[in-house]
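Fold and contact review
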Amino acid sequence: MHMPEMDGFELVERIRQMPELFAATIMMLTSPGHRGDAARCEKLGVSAYLLKPIRQSELREAIARVLGAREQKGTIPLVTRFSLGAARNASEFLRVLVAEDNPVNQRLIVKLLEKRGHRVTLAGNGREAVEALQRASFDVVLMDVQMPEMDGLEATAAIRMKENGAGAHIAIIALTAHAMKGDREKCLGAGMDGYLTKPIQPQELDKVLEKYFQHR
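What counts as what
Residues numbered from 1 in each chain as written. Predicted model: local features only at pLDDT ≥ 70, side-chain atom pairs only at ≥ 80, totals over all residues. Heavy atoms only, no water. Pairing = 2+ DSSP bridges. Helix = DSSP H or I, 4+ residues; strand = E, 2+ residues; numbered from the N terminus. Axes fitted to C-alpha atoms, helices over the stretch in contact; angles between N-to-C directions. Buried < 20%, exposed > 50% of the residue type's maximum accessible area, 1.4 Å probe, protein only. Expected span 1.5 Å × (residues − 1). Polar contact = N/O pair within 3.5 Å; in protein donor to acceptor, adjacent residues only side chain to side chain. Salt bridge = Lys/Arg side-chain N within 4 Å of Asp/Glu carboxyl O.

Ordered in space as β5-β4-β6-β7-β8, the five strands form an open sheet in which the pairing is parallel. A single partner strand is all that each edge strand has here, and the edge strands are β5 (119–123) and β8 (194–197). Averaged over all neighbouring strand pairs, the angle between strand axes comes to 20 degrees, with direction disregarded. Of the strand pairs in this sheet, strand β4 (residues 95–99) and strand β6 (residues 140–144) are connected by four bridges, and their pairing is parallel.

Now the structure itself:
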């Protein structure tokens, strides 16, 4: 929306005066939102009004929604970040238990997960993680290997023991700051399902979580 010489609103007005582009689908992106912007977008026939920075999944969902309505020759209200969030249902996010004792790592991991729309519960050590799983259901556990009171390997063993009688299996992904040879095998041998090295790379996290979306 904010550009030098000609801003986004002026550009849209020009486009609407051009017969060859009159029916174009237009989505407005802006960093600061101002009162009245959404109403002006609706008046100009803009399909979506989204705030930057925008998540890839959010942008993809917005594009799919406005183009889907166009293909079906239907009309939908202006798509905004709020309307996208309100329309999401439980199948579009994971319930993630994060077992991590370091406050800095906790904040970083929570930020990565919440940015992707997931619901996060924190546990400060392995014992808290085991207790959290007794109180609530989760789709996946991100388990730090080295923690006080009960480490990740011990917590995983306790979780697997409880699951034996119930026939259940929660996905547990190891988090470790040490990419030492044999660490992956050690974690998998302890009953974990995957392995991520800290600091966590967003692409690696996405790859791991996508697997559990597919199995829901």
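Turning next to unusual backbone geometry. Look at the link from lysine 52 to proline 53: it is a cis peptide, with omega at 0 degrees. With omega at -5 degrees, the peptide bond leading from lysine 198 into proline 199 counts as cis. Residue position: proline 199 is located in the loop between β8 and α9 (202–214). You will see that glutamate 5, though not glycine, has its phi angle at about 70 degrees, which is positive. Mapped onto the elements, glutamate 5 comes out in the segment before α1 (8–16). Under the relative-accessibility criterion, glutamate 5 is labelled exposed at 87%. Backbone geometry at glutamate 149 places phi at a positive 70 degrees, although glycine is not the residue there. Within the secondary structure, glutamate 149 is located in the loop between β6 and α7 (152–166).

So, about the environment of glutamate 61. Within the secondary structure, glutamate 61 sits in helix α3 (residues 56–71). Residue class for glutamate 61 comes out buried when judged on its relative accessible area of 18%. The spatial distance from the C-alpha of glutamate 61 to the C-alpha of alanine 171 is 27 Å, given a sequence separation of 110 residues.

With 13 residues, helix α5 (residues 103–115) extends 18 Å from end C-alpha to end C-alpha; this agrees with the ideal 18 Å at 1.5 Å per step. N-cap assignment for α5: the residue whose side-chain oxygen lies 2.8 Å from the backbone N of valine 104 is asparagine 102. Directly after α5, the chain includes glycine 117, whose backbone phi takes a positive value near 85 degrees.

Within the open sheet, the three strands sit side by side as β1-β2-β3. Their pairing is parallel. With one partner strand each, in any of the chains shown, β1 (27–30) and β3 (79–80) form the two edges of the open sheet. For strand β2 (residues 48–51) and β3, the ladder comprises two bridges, and the chain directions are parallel. Counterpart to tyrosine 49 in the pairing with β3 is threonine 80.

Applying the stated criterion across every chain yields a total of eleven salt bridges. Across the salt bridge formed by arginine 14 and glutamate 10, the nearest N and O atoms sit 3.4 Å from each other. Note that arginine 14 and glutamate 10 are positioned in helix α1 at a spacing of four residues, about one turn of the helix. Arginine 14 sits in the partly exposed class, given a relative accessible area of 43%. Judged by relative accessible area, which is 30%, glutamate 10 ranks as partly exposed.

No statement about biological role is implied by the geometric values presented.
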